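Take a look at the letters that make up each chain.
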Amino acid sequence: MTTTDVSTNWEPVIGLEVHVELATATKLFCGCRNEFGAEPNTNVCPVCLGLPGSLPVLNEKAVELALRLGEALQFTMPPQSIFHRKNYFYPDMPKNFQTSQYDEPICLAGEIEVDGVRVRITRAHLEEDTGKSMHVGGGGGRIHGADHSLVDYNRAGVPLLEIVSEPDIFSAEQARAYVTELRATLLALGVSDVKMEEGSMRVDANVSVRRVGTSKLGTRTEIKNMNSIRSVQRAIEYEIERQAERLEDGERIVQETRHWNEAEGLTRSMRSKEEAFDYRYFPEPDLVPVVPTDELRARVRATMPELPLAKRARLVSEWAISEHDARVLLDVPGLTDYVDAAVGALTDGTPRDVVNWASGEVLAHLNDSGGTIADVALAPDALAELVGLVAKGTINRGQAKEVLAESLRSGDRPAAVVAARGLEQESDTDALGAAIDAVLEANADAVVEYRAGDDAVKKKKRGFLMGQATRALQGRANGSVLAQLLDERLG
Amino acid sequence: MTTSPSASAIAAAVRGGDTRAIDVLEEHLARIAGREAEIHAFNTVLEDDARATADAIDAAVAEGRDPGPLAGVPVALKDNLCTRGVATTCSSRILEGWKPPYDATVVERLRAAGAVIVGKTNLDEFAMGSSTENSAFGPTRNPHDPTRVPGGSSGGSAASVAAGFASLALGSDTGGSIRQPAALCGVVGAKPTYGTVSRYGLIAFASSLDQIGPFATSVDDAALLLETIWGHDPCDSTSIAQPTPSLRATLDGGVDGLRVGIVEELTDVDGIAPEVREAVEAAALALEKEGATVDRVSLPSSEYGLSAYYLIAPAEASSNLARYDGVRYGLRVDAPDVATMNASTRDAGFGAEVKRRIMLGTYALSAGYYDAYYAQAQRVRTLIVRDFARAYERFDVLLSPTSPTVAFEFGAKTSDPLAMYLSDVCTIPSNLSGHPAISVPWGTGASGLPIGAQVLAPALAEPLMFRVARAIEVAAS
Amino acid sequence: MADGEARISRAEVEHAAQLARLALTDDEVEQLTVDLAKILDHAALVSALDTTDVPPTSHPIELTNVLRPDVPRPGLDRTEVLAEAPVAEDFRFRVPRILGEEP
Ligand SMILES: [Mg+2]
Ligand SMILES: [Zn+2]
């Protein structure tokens, strides 16, 4: 069996369930802080601990954030939505039921455009998160083989929005693109900080395959535990392959939950024993219906930001940058605004230059320092200044890198760094000419080979001589002037 | 029987500096010392805390400050109301020793009003029962006849007021758990309109039915206590923003011109003891003499009330009681894995009636049965609400027995759950509709045991309901 | 359902006990099978009613949009919370091993 057989015979059908933690200050039903990484069991109260006698009261911000997504993705917002109790026992769930939405969710039937293809979204509903268990005594903190578990309820009751797509996704690559686009949209809307590594965005995939040319859906498996967008793609690729191979071998697919193991690169069945789940949903008697008012919906609409799809298109045309560059910018919270401010302050150079520096050096600095764009010491107009220095020929690109590194570190203006370090590049033709002459003299055989050689040899030898000259000038030469003088001499 | 002086008289005397709160308290503690061993009204008596509160109230009065409308009044709390740092058990092994880290909203209001909390009263475990025999800590006895039950589930609260252990008490009423024990113990007990009194800190039995309400020896005192605990609470989403009615101001307004309907299905049916029916007739006659018009009224769907209730309440309870799992508080029975630990803890911690209702509710909500049982019961609830609406087009208030019988003997109904459930047949419809209802003593039966008449009123018609109750009380005395 | 036929089977009682996390003894299962059948017989009154076009009532009062501002409020002291735990370790609630994954 080869991969080709599998992929030509079988078509995958994928639906995605995305849970995001909402960017609220407090939990869904109580005033405890919604924050990541606090000391265990410090953000708890009678409500989120499920203490006897406590009652939930819905966070209005959570409703507003759900409606923001609803507006952005053209959901139908039903006139009324209600909460249900989903009943099952699990130690990280303080009440042993999850307050969630069932047949009357806050958002119904939306859609999102992913690389020019529309993916329908069945629903988006509000629900509370569970606490977190630490498994002790097993290998690598895993639940299996653990001796006991320790539960922290800080996360219990954190507001989640569960976004369920239709099975409209037909490849692992498209699944990755869907998650990427949804993530960018949620970020732009301020609905969530969508950090997969911190668990504020979690993706489960329902994957099935069917014989090419048939329309009936095959038996699906649910894949969990994918901790990055890359692992979403890898896990789904693996699972498609696995199912297709099973079917090619005449086996059948078991409907089950499988966990993605990132290290081993495979999915594994999580069934421990046959436990029947019957969630016994019923309307939550301690909460009342949510009826989004016209006023609230108008407020949400009035504060709608530009969505990533439109914004990317605009940046590509306004700044003459690539779609890829636009995606890189939008992927980092605040980076586009930063670039926008820098572009506004530009005197020489192009927006594209700004974008190159921002998505290169500035982003690398952010990744190294672990900070956010707000922590960057370099003001946007200082980046514009740096671009100007390069465009005017005051410094070359190599020098600019050095200057930018210093400015990012210290916050000093690029012009000041250039002055302090005496970095202005050499453009004087006499000085540059003299240096070139010395190089040509010292490398006379290279000149000979250049003159005798074909285009490839010419290119190679010219590059060698250019490098020698640059080095002789300690990297301070104006590259284009230097190249012009060299070419004149080589004839 | 020795009962406490009226709460309003105590508060007036304490506020005026004529009586000391500590002296009032000591009288009550003396009565507790005299008879509590026999009655067992309390799970916990808070002598020390109560003395400290009483002293603080006396100090406040001495300094010229007003401790509030319940200054120095000894109040008993059903042991399903959370009290900060004080064991709150629901009369269940599963919560034995648990000390809540917070006060219920009603408890906060009582403290702010200057009440002196004397203890936590016994109940049927998790308020499931009609006799207080389902308490894990032993039954409460009826102060009128210790061989008989006080009713339930708030039997301890009813008995504490009847025995003069407390001047006032709070209970909770899910299917009659305030009114039925009030009737059986010969005191006044009221269930206000759903949403008027915060449920925050009331340990849930059935969330859409539970309401907190007062016990007192008089209608006036019951009104005083209800006025104190009434009011919107941002911590309870089902709490309604309704200004506190001045129940006491209109109490003696009389019933002249009021239209009173005797509910046929709750009065003229088998199972209602003749002496109880006669008492209700007599109360109606008394109202008629005061200028009310009385007629029979039919609530045809109310005959389904009991069945609907015994699907809805257990369903909600099965979910509300899922949190008792041995993980965060209360009892734990050790086991090698968490699911077995949960199941063993719950089997050991819950009594038979609680398990029965959890099982019934779990079944009624389970796949394949939800529509036939739970959803159908919620539709019947709508029918009952409609019946009431129709009745209130013709009548201002309704009248019925509170309990089908006077207090029964221990063990009389414990072997047959349905027989016990029938104790609530007259009180359940108001819980399903959310409307207020009050039980007022009307004489005694052949055995000398108290009988209660129940006055039912439309939503938020408490002022009217208390006025009628007061007229019955006056006529009865 | 035919007369005389039990309204709930022993297996259904056992299944409900599993959902409700109750480790019932055989005697308890036996007794509950009898009790629940009786109660459900009574409930059959309700199931048999024609309620076409009757909407369910899940709240006795009609309220909507009871919302809380997104403002943090102080919670509970961890020491106090953990003092109530049957077993605590490392500032967390300790439980015996968990056999199944969260559904
Ligand atoms: Mg979910
Ligand atoms: Zn909380």
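Here, every reference points to the structure presented above.
Cut-off values and rules
- Residues numbered from 1 in each chain as written.
- Chains lettered and ligands numbered in written order.
- Predicted model: local features only at pLDDT ≥ 70, side-chain atom pairs only at ≥ 80, totals over all residues.
- Heavy atoms only, no water.
- Buried < 20%, exposed > 50% of the residue type's maximum accessible area, 1.4 Å probe, protein only.
- Helix = DSSP H or I, 4+ residues; strand = E, 2+ residues; numbered from the N terminus.
- Arc of directions from axis to C-beta.
- Contact = heavy atoms within 4.5 Å.
- Salt bridge = Lys/Arg side-chain N within 4 Å of Asp/Glu carboxyl O.
- Buried area = accessible area lost by both parts, 1.4 Å probe.
- Polar contact = N/O pair within 3.5 Å; in protein donor to acceptor, adjacent residues only side chain to side chain.
- Nonpolar A, V, L, I, M, F, W, Y, C, P; charged D, E, K, R; others polar.
- Donors = N, O, S within 2.8 Å, 3.2 Å for Na, K, Ca; no water.
- Tetrahedral: all angles 85-135°; square planar, octahedral: opposite > 155°, others 65-115°.

Observations regarding helix α12 (residues 414-421) of chain A
Residue and element names in this part refer to chain A. Where α12 is concerned, the buried positions are Pro414, Val417 and Val418. Projected down its long axis, α12 carries its buried residues within an arc of 100°, all on one side. Looking at α12, the residues exposed on the side facing more than 90 degrees away from the buried face are Ala419 and Ala420. Among the structural elements, α10 (380-391) and α11 (397-410) are those in contact with the buried residues of α12.

So, the pattern of salt bridges
If you walk through the whole model with that rule in mind, you get 70 salt bridges over all chains. Among the salt bridges present, the one from Glu80 of chain C reaches Arg84 of chain B, with a minimum N-O distance of 3.2 Å. Of the two residues, Glu80 of chain C sits in helix α3 (residues 78-83) while Arg84 of chain B sits in the loop between β2 (74-78) and α4 (105-112), which places them in two different chains. The shortest N-O distance in the salt bridge between Glu96 of chain B and Arg93 of chain B comes to 3.0 Å. Within this structure, Arg85, Glu284 and Asp286 of chain A together with Arg199 and Asp236 of chain B form a network of salt bridges that share partners.

Side note on the interface of chain B and chain C
Where interface size is quoted, it is often the accessible area lost as the parts come together. The interface is formed by 62 residues belonging to chain B together with 50 residues belonging to chain C. In total, about 5,000 Å² of surface goes out of reach between chain B and chain C, with carbon and sulfur atoms giving 67% of it. Summed over the shared surface of chain B and chain C, the result is 3 salt bridges. Between Asp35 of chain C and Arg356 of chain B there is a salt bridge, with its nearest N and O atoms 2.7 Å apart. In this assembly, chain B and chain C are joined by 20 residue pairs in polar contact (both at pLDDT 80 or more). Listing elements by their share of the side of chain B that touches chain C, those giving two or more residues are α10 (305-320), α11 (338-349), α12 (352-365), α13 (371-394) and α14 (417-421) of chain B. The dominant element in the side of chain B that touches chain C, judged by the number of residues it contributes, is α13 of chain B, at 12 residues. Counted by class, the side of chain B that touches chain C contains 31 nonpolar, 18 polar and 13 charged residues.

Quick word on the coordination of the zinc ion (ligand 2)
Residue and element names in this part refer to chain A. The zinc ion (ligand 2) binds to the protein through Cys30 (SG), Cys32 (SG), Cys45 (SG) and Cys48 (SG); the donor distances cover 2.3 to 2.4 Å. Around the zinc ion (ligand 2), the 4 donor atoms are arranged such that angles at the metal cover 100 to 116°; this shape is classified as tetrahedral. Spacing between the donor residues of the zinc ion (ligand 2) along their common chain follows C-x1-C-x12-C-x2-C. Here Cys32, found in the loop between β1 (10-21) and β2 (58-59), pairs with Cys48, found in the loop between β1 and β2; they are 16 residues apart in sequence, far enough to count as distant. Taken individually, Cys32 and Cys48 each receive the classification buried, so the pair is uniform in this respect.

Description of the coordination of the magnesium ion (ligand 1)
The protein atoms that coordinate the magnesium ion (ligand 1) are His19 of chain A (NE2), Glu127 of chain A (OE), Glu127 of chain A (OE) and Glu162 of chain A (OE), at distances of 2.0 to 2.7 Å. Residue classification places His19 of chain A among the buried residues on the basis of a relative accessible area of 12%.

Details of the side chain of Thr51 of chain C
Note that Thr51 of chain C resides in the loop between α2 (26-48) and β1 (67-68). Judged by relative accessible area, Thr51 of chain C falls into the buried class, the value being 8%. For Thr51 of chain C, the contacting residues outside a window of four places in its chain are Gln376, Arg379 and Leu383 of chain B.

Section: the interface of chain A and chain B
On the chain B side, the residues contacting the 30 residues of chain A number 38 residues. Roughly 2,600 Å² of surface becomes buried between chain A and chain B when both sides are summed, with 59% attributable to carbon and sulfur atoms. The three residues of chain A that bury the most area against chain B are Pro52, Leu55 and Arg280 of chain A, which together make up 23% of that side's buried surface. The interface formed by chain A and chain B includes 1 salt bridge. With a closest N to O distance of 3.0 Å, Asp286 of chain A and Arg199 of chain B form a salt bridge. On inspection of chain A and its partner chain B, the count reaches 18 residue pairs in polar contact (both at pLDDT 80 or more). At the level of secondary structure, the elements contributing two or more residues to the side of chain A that touches chain B comprise β3 (84-87) and β14 (282-283) of chain A. Partitioning the side of chain A that touches chain B into residue classes produces 20 nonpolar, 5 polar and 5 charged.

What to know about unusual backbone geometry
Cis geometry is adopted by the peptide bond preceding Ser153 of chain B, which originates at Gly152 of chain B and carries an omega value of 10°. Phi at Asp115 of chain A takes a positive value of approximately 50°, unusual for a residue other than glycine. By relative accessible area, Asp115 of chain A is classed as exposed at 52%. Backbone geometry at Asn225 of chain A places phi at a positive 70°, although glycine is not the residue there. With respect to the secondary-structure elements, Asn225 of chain A resides in strand β11 (residues 221-226).

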